[in-house]
Amino acid sequence: DKRELILAFESSCDETSVAVIENGDRILSNIIATQINSHQRFGGVVPEVASRHHVEQITLVIDAALKEADVTYDDLTAVAVTYGPGLVGALLIGVSAAKAIAYAHHLPLIPVNHMAGHIYAARFVKPLEFPLLALLVSGGHTELVYMAAAGEYEIIGETRDDAAGEAYDKIGRVLGVPYPAGKEIDRLAHLGQDTFDFPRAMVKEDNLDFSFSGLKSAFINTVHHADQIGETLNREDLAASFQAAVVDTLVQKTVKALEQYPVKQLVLAGGVAANQGLREALTNQLAISSPDIDLVMPPIRLTGDNGAMVGAAAHVELMKHHLADQTLNAEPGLAF
Ligand code: KG4
Ligand code: ZN
């Protein structure tokens, strides 16, 4: 039987997800149970609440993933799991479930870095070609990652403070947009104009790092100042101006990185990769400055946290025999 079937787990934050992936590039199932409704009233993810939801959901999600893929445990080649970075209690639920199944069914256990998983979501669009550069933008990370070959990761730039998604979520509170705010601010931005001229931090500096906390403060100060003088600002224009500043910064630093690191592909990855403004700006910019570089953007449904991306990254680790044993533990601060 030439079918390689990986049962892949993702539970690093507020999504409980299990997928069955065939030969590293075909999704047989990708069940995602989201907990967003339970966290919204707190304005962010509450770790204790997240862990409890993962415990409640995990066996249901495993059963649904096997059923939808029409496979049994006996058909599986390996079990894969995100073991970091993320919330320790949340990660432990996926790690424990994956270890239990690997032990009971005598299957290899593949440890996967969550951020590598985000990059490998692009594998469902087309084969990855190396060297490649990934712009990795999520709720916890904003990084430029250079990959000389499959499964090799080098961070060449990163945020010095807030992640891009985190900035969206924080200004969302000021705009009265519920957590996670990125998608709604993206929608509002398309209805407004860039009239506020917010700062583009560090774009003139000769490095590949980012900073979004100054932009966040400028945004909050602008809204508070208007409140104090009894003025109401246009929400669509505020959203459009904020998004223009984030997108400009991300695109300009990516262009700078491409000048220093010649690559075949640029992969957009992470939850913020769903952003329409960012997708359009990168597409337009690359067409002008690097028409030979292949821009790979995963479909929107694979940009957020999911098991399928973990299965795709796991396939590469399995080829390299990078396996874990029953001592595998969650690593909340895991780096590449
Ligand atoms: O990768 P992800 O699902 O979880 C982490 O690993 O952090 O990313 C979640 C982040 C949230 O901050 C959310 O607001 C943001 O992605 N996000 C967006 C959009 N959709 C989700 N940010 C901007 N525009 C969007 N369309
Ligand atoms: Zn993520």
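Quantities reported herein were computed from a predicted structural model and do not represent experimental measurements.

Calculation notes
- Residues numbered from 1 in each chain as written.
- Chains lettered and ligands numbered in written order.
- Predicted model: local features only at pLDDT ≥ 70, side-chain atom pairs only at ≥ 80, totals over all residues.
- Pairing = 2+ DSSP bridges.
- Helix = DSSP H or I, 4+ residues; strand = E, 2+ residues; numbered from the N terminus.
- Axes fitted to C-alpha atoms, helices over the stretch in contact; angles between N-to-C directions.
- Contact = placed C-beta atoms within 7 Å.
- UniProt positions renumbered as here; feature names shortened; annotations may be inferred.
- Near = placed C-beta within 6 Å.
- Nonpolar A, V, L, I, M, F, W, Y, C, P; charged D, E, K, R; others polar.
- Domains from an automatic or database assignment.
- pLDDT = per-residue confidence, 0-100.
- Buried ≥ 20, exposed ≤ 12 C-beta atoms within 10 Å, placed from the backbone.

Draft legend 1. Highlighting the sheet that holds strand S3 (residues 26–34). The strand order across the open sheet formed by 5 strands is S3-S2-S1-S4-S5, and the pairing between neighbours is mixed. Each edge of the open sheet carries a strand with a single partner, namely S3 and strand S5 (109–113). Taking the axes of each pair of neighbouring strands and ignoring which way they run, one obtains an average angle of 20° across the sheet. Against the sheet, helix H2 (residues 47–69) engages strand S2 (15–22) and S3, with an angle of about 25° to S2. Contacts from helix H10 (residues 307–319) reach strand S1 (5–10), S2, S3, strand S4 (78–84) and S5 within the one sheet, and its direction differs from that of S1 by about 125°.

Draft legend 2. Looking closely at the UniProt feature "domain: Gcp-like" (unreviewed entry) in the chain. Within this structure's numbering, the places UniProt gives as "domain: Gcp-like" (unreviewed entry) are residues 27–311. Secondary structure within residues 27–311 divides into 47% helix and 16% strand; the distance between the first and last C-alpha atoms comes to 9 Å.

Draft legend 3. Broad picture of the site of ligand 1. The environment of ligand 1 is made up of 19 residues, and the closest members are Ser 138, Gly 139, Gly 165, Gly 182 and Gly 271. Within the residue set of the shell around ligand 1, elements represented by two or more residues are helix H5 (164–175) and helix H6 (182–189). Residue classes in the shell around ligand 1 are distributed as 6 nonpolar, 9 polar and 4 charged. When we break the shell around ligand 1 down by domain, the ones giving at least three residues each are domain 1 (5–120 + 303–319) and domain 2 (127–297).

Draft legend 4. Seen up close, the confidence of the model for the chain. Within the chain, residue pLDDT values average 97, and 100% of them lie at 70 or more. Listed scores for the predicted complex are pTM 0.97 and ipTM 0.99.

Draft legend 5. The sheet that holds strand S10 (residues 294–296), seen in detail. On the basis of which strands lie adjacent, the open sheet formed by 5 strands has the order S8-S7-S6-S9-S10 and mixed pairing. Whereas interior strands pair on both sides, the edge strands pair on one side only; in this sheet they are strand S8 (154–158) and S10. Here the strands of the sheet are splayed against their neighbours by 20° on average, with no regard to which way each runs. Here strand S6 (residues 132–137) pairs with strand S9 (residues 265–269) via 5 bridges, running parallel. Across the sheet, residue Leu 133 finds its bridge partner in S9, namely Leu 266.

Draft legend 6. Molecular detail of unusual backbone geometry. Here the amide bond leading from Gly 84 into Pro 85 is cis, since omega sits at -10°, within 30 degrees of zero. Along the chain, the position of Pro 85 falls in the loop between S4 and helix H3 (88–104). In the segment running from Phe 130 into Pro 131, the intervening peptide bond is cis, with an omega of 0°. Of note, Pro 131 is situated in the loop between helix H4 (114–120) and S6. Non-glycine residue Asp 70 carries a positive phi angle of around 60°. Among the secondary structure elements, Asp 70 is positioned in the loop between H2 and S4. If you check the backbone angles, His 321 has positive phi at about 55° while not being a glycine. By the secondary structure assignment, His 321 is in the segment after H10. Residue His 321 is classed as exposed on the basis of its 8 C-beta neighbours within 10 Å.

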